[in-house]
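Summary of the model geometry
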Amino acid sequence: MEDPFGYFYLLYKIHKTPSKTRHVVSDCTSVTHSLGKWVDVMLQPFAQHLPSFFKDSFELKKTLNTIIVPPGARLFSCDAESMYTNIDTEAALTVISAFLLDPETIKEYTHYHAATLIAALEIVMRNNILRFSDKYAKQLSGTAMGKPCAPCWAILFQGLDKNKLIPT
(Lines give C-alpha, C1' and ligand atoms only; values in the text may rest on other atoms or scores of the structure.)
Protein backbone atom coordinates (compact mmCIF):
# COMPACT_ATOMS: atom_id res chain seq x y z
CA MET A 1 0.00 0.00 0.00
CA GLU A 2 1.64 3.22 -1.17
CA ASP A 3 -0.39 5.70 0.92
CA PRO A 4 -2.68 4.41 3.69
CA PHE A 5 -4.57 7.69 4.19
CA GLY A 6 -7.52 9.44 2.60
CA TYR A 7 -6.83 12.38 0.29
CA PHE A 8 -8.41 15.79 1.00
CA TYR A 9 -9.54 18.13 -1.78
CA LEU A 10 -12.11 20.86 -2.42
CA LEU A 11 -14.95 21.04 -4.95
CA TYR A 12 -16.38 24.39 -5.90
CA LYS A 13 -20.14 24.84 -5.52
CA ILE A 14 -20.58 26.86 -8.69
CA HIS A 15 -24.31 27.27 -8.06
CA LYS A 16 -23.71 29.25 -4.81
CA THR A 17 -23.33 33.02 -4.59
CA PRO A 18 -20.85 33.90 -3.32
CA SER A 19 -18.99 30.80 -4.43
CA LYS A 20 -18.29 28.23 -1.74
CA THR A 21 -16.38 24.99 -1.56
CA ARG A 22 -17.31 21.52 -0.45
CA HIS A 23 -14.67 19.59 1.45
CA VAL A 24 -14.15 16.08 0.11
CA VAL A 25 -11.99 13.22 1.30
CA SER A 26 -11.26 10.35 -1.06
CA ASP A 27 -10.97 7.41 1.34
CA CYS A 28 -10.44 4.55 -1.13
CA THR A 29 -6.84 3.85 -0.13
CA SER A 30 -7.12 4.39 3.62
CA VAL A 31 -6.36 1.61 6.09
CA THR A 32 -9.89 1.88 7.53
CA HIS A 33 -11.69 1.83 4.17
CA SER A 34 -12.51 -1.90 4.15
CA LEU A 35 -13.72 -1.80 7.75
CA GLY A 36 -15.81 1.27 6.86
CA LYS A 37 -17.42 -0.66 3.98
CA TRP A 38 -18.30 -3.51 6.34
CA VAL A 39 -19.78 -1.06 8.87
CA ASP A 40 -21.84 0.47 6.05
CA VAL A 41 -23.27 -2.94 5.10
CA MET A 42 -24.17 -3.55 8.76
CA LEU A 43 -25.81 -0.12 9.21
CA GLN A 44 -27.84 -0.11 5.95
CA PRO A 45 -30.79 -2.20 7.27
CA PHE A 46 -31.23 0.12 10.27
CA ALA A 47 -31.12 3.29 8.17
CA GLN A 48 -33.51 1.90 5.55
CA HIS A 49 -36.16 1.12 8.17
CA LEU A 50 -36.31 4.61 9.64
CA PRO A 51 -39.58 6.41 8.91
CA SER A 52 -37.57 9.40 7.65
CA PHE A 53 -35.51 7.34 5.15
CA PHE A 54 -35.77 7.94 1.41
CA LYS A 55 -33.63 5.89 -0.94
CA ASP A 56 -33.21 8.83 -3.31
CA SER A 57 -34.89 12.00 -4.56
CA PHE A 58 -37.04 9.98 -7.00
CA GLU A 59 -38.59 8.07 -4.10
CA LEU A 60 -39.22 11.34 -2.24
CA LYS A 61 -40.87 12.84 -5.34
CA LYS A 62 -43.07 9.76 -5.75
CA THR A 63 -44.21 10.05 -2.12
CA LEU A 64 -44.84 13.79 -2.40
CA ASN A 65 -46.95 13.27 -5.53
CA THR A 66 -49.44 11.22 -3.49
CA ILE A 67 -50.04 13.97 -0.93
CA ILE A 68 -53.18 16.05 -1.30
CA VAL A 69 -52.58 19.44 0.26
CA PRO A 70 -55.74 20.94 1.77
CA PRO A 71 -56.57 24.61 1.11
CA GLY A 72 -54.77 26.92 3.49
CA ALA A 73 -52.08 24.38 4.29
CA ARG A 74 -48.47 25.42 4.20
CA LEU A 75 -45.58 23.40 2.86
CA PHE A 76 -42.02 23.96 3.95
CA SER A 77 -38.66 22.36 3.53
CA CYS A 78 -35.34 22.62 5.29
CA ASP A 79 -31.78 21.70 4.61
CA ALA A 80 -28.95 20.83 6.96
CA GLU A 81 -26.02 23.18 6.58
CA SER A 82 -22.65 21.45 6.74
CA MET A 83 -24.38 18.42 8.26
CA TYR A 84 -21.38 16.10 8.36
CA THR A 85 -19.04 18.61 9.94
CA ASN A 86 -21.69 19.54 12.53
CA ILE A 87 -22.42 16.00 13.74
CA ASP A 88 -20.52 15.57 16.99
CA THR A 89 -18.71 12.22 16.94
CA GLU A 90 -19.29 11.46 20.62
CA ALA A 91 -22.98 12.38 20.46
CA ALA A 92 -23.49 10.20 17.36
CA LEU A 93 -21.62 7.27 18.92
CA THR A 94 -23.78 7.58 22.04
CA VAL A 95 -27.08 7.65 20.14
CA ILE A 96 -26.16 4.93 17.63
CA SER A 97 -24.56 2.67 20.28
CA ALA A 98 -27.63 2.92 22.51
CA PHE A 99 -29.80 1.96 19.54
CA LEU A 100 -27.55 -0.99 18.60
CA LEU A 101 -27.49 -2.23 22.22
CA ASP A 102 -31.24 -1.86 22.74
CA PRO A 103 -32.76 -5.33 23.37
CA GLU A 104 -35.61 -4.53 20.95
CA THR A 105 -33.12 -3.72 18.16
CA ILE A 106 -31.13 -6.88 18.88
CA LYS A 107 -34.34 -8.93 18.79
CA GLU A 108 -35.54 -7.37 15.51
CA TYR A 109 -32.21 -7.38 13.65
CA THR A 110 -30.15 -10.56 13.84
CA HIS A 111 -27.47 -9.72 11.27
CA TYR A 112 -24.97 -8.04 13.61
CA HIS A 113 -23.06 -8.35 16.87
CA ALA A 114 -23.58 -5.08 18.76
CA ALA A 115 -20.22 -4.83 20.56
CA THR A 116 -18.27 -5.67 17.39
CA LEU A 117 -20.17 -3.15 15.26
CA ILE A 118 -19.78 -0.42 17.89
CA ALA A 119 -16.03 -1.10 18.17
CA ALA A 120 -15.71 -0.92 14.36
CA LEU A 121 -17.68 2.36 14.30
CA GLU A 122 -15.32 3.82 16.89
CA ILE A 123 -12.24 2.80 14.89
CA VAL A 124 -13.55 4.20 11.60
CA MET A 125 -15.15 7.40 12.89
CA ARG A 126 -12.43 8.40 15.38
CA ASN A 127 -9.46 7.73 13.10
CA ASN A 128 -9.90 9.76 9.95
CA ILE A 129 -6.37 10.66 8.92
CA LEU A 130 -6.10 12.47 5.63
CA ARG A 131 -3.48 13.92 3.35
CA PHE A 132 -3.39 17.19 1.48
CA SER A 133 -0.28 17.56 -0.67
CA ASP A 134 2.58 16.76 1.72
CA LYS A 135 0.59 17.53 4.91
CA TYR A 136 -1.28 15.03 7.09
CA ALA A 137 -4.07 15.73 9.54
CA LYS A 138 -6.43 13.83 11.81
CA GLN A 139 -10.04 14.97 11.72
CA LEU A 140 -10.90 15.82 15.33
CA SER A 141 -14.56 16.78 15.09
CA GLY A 142 -17.55 16.10 12.89
CA THR A 143 -18.37 13.03 10.87
CA ALA A 144 -15.33 11.33 9.38
CA MET A 145 -15.54 12.66 5.83
CA GLY A 146 -15.14 10.23 2.96
CA LYS A 147 -15.76 7.08 4.99
CA PRO A 148 -18.09 4.59 3.28
CA CYS A 149 -20.32 4.41 6.37
CA ALA A 150 -20.61 8.21 6.83
CA PRO A 151 -23.99 8.53 5.01
CA CYS A 152 -25.58 5.74 7.09
CA TRP A 153 -24.01 7.18 10.25
CA ALA A 154 -25.55 10.58 9.50
CA ILE A 155 -28.93 9.10 8.51
CA LEU A 156 -29.07 7.04 11.70
CA PHE A 157 -27.97 9.83 14.01
CA GLN A 158 -30.37 12.36 12.51
CA GLY A 159 -33.20 9.83 12.10
CA LEU A 160 -32.97 8.34 15.59
CA ASP A 161 -32.71 11.80 17.11
CA LYS A 162 -35.62 13.16 15.06
CA ASN A 163 -37.81 10.12 15.80
CA LYS A 164 -37.72 11.19 19.46
CA LEU A 165 -38.92 14.66 18.48
CA ILE A 166 -41.55 13.83 15.83
CA PRO A 167 -44.25 12.65 18.28
CA THR A 168 -43.97 15.92 20.22
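Residues numbered from 1 in each chain as written. Predicted model: local features only at pLDDT ≥ 70, side-chain atom pairs only at ≥ 80, totals over all residues. Heavy atoms only, no water.

**Re the overall build of the protein**
When its secondary structure is counted, the protein shows seven helices and four strands. Traced from its N-terminal end to its C-terminal end, the protein shows the element sequence β-β-α-α-α-α-α-α-β-β-α. The principal-axis extent of the C-alpha atoms belonging to the protein is close to 60 × 50 × 25 Å. Burial analysis of the protein (168 residues in total) assigns 33% to the buried set. Here the protein displays about 11,500 Å² of accessible surface, and carbon together with sulfur accounts for 60% of that area. On the protein, the mean spot of the 17 positive side-chain charges and the mean spot of the 16 negative ones are 7 Å from each other. (Helix = DSSP H or I, 4+ residues; strand = E, 2+ residues; numbered from the N terminus. Buried < 20%, exposed > 50% of the residue type's maximum accessible area, 1.4 Å probe, protein only. Areas by Shrake-Rupley, 256 points an atom, 1.4 Å probe, with all protein chains shown as cover. Lys, Arg positive; Asp, Glu negative; His and termini not counted. Charge placed at Lys NZ, Arg CZ, Asp CG, Glu CD.)

**Structural notes on the pairing of strand E2 (residues 20–26)**
The sheet contact formed by strand E1 (residues 6–13) and E2 spans seven bridges and is antiparallel. Counterpart to Phe-8 in the pairing with E2 is Val-25. (Pairing = 2+ DSSP bridges.)

**Quick look at the environment of Leu-93**
The residue Leu-93 is located in helix H4 (residues 89–101) in this model. The spacing of Leu-93 and Glu-122 is 29 residues in sequence and 7.5 Å in space, taken between C-alpha atoms. Residue contacts for Leu-93: discarding those within four places in its chain leaves Leu-121, Glu-122, Arg-126 and Trp-153. (Contact = heavy atoms within 4.5 Å.)

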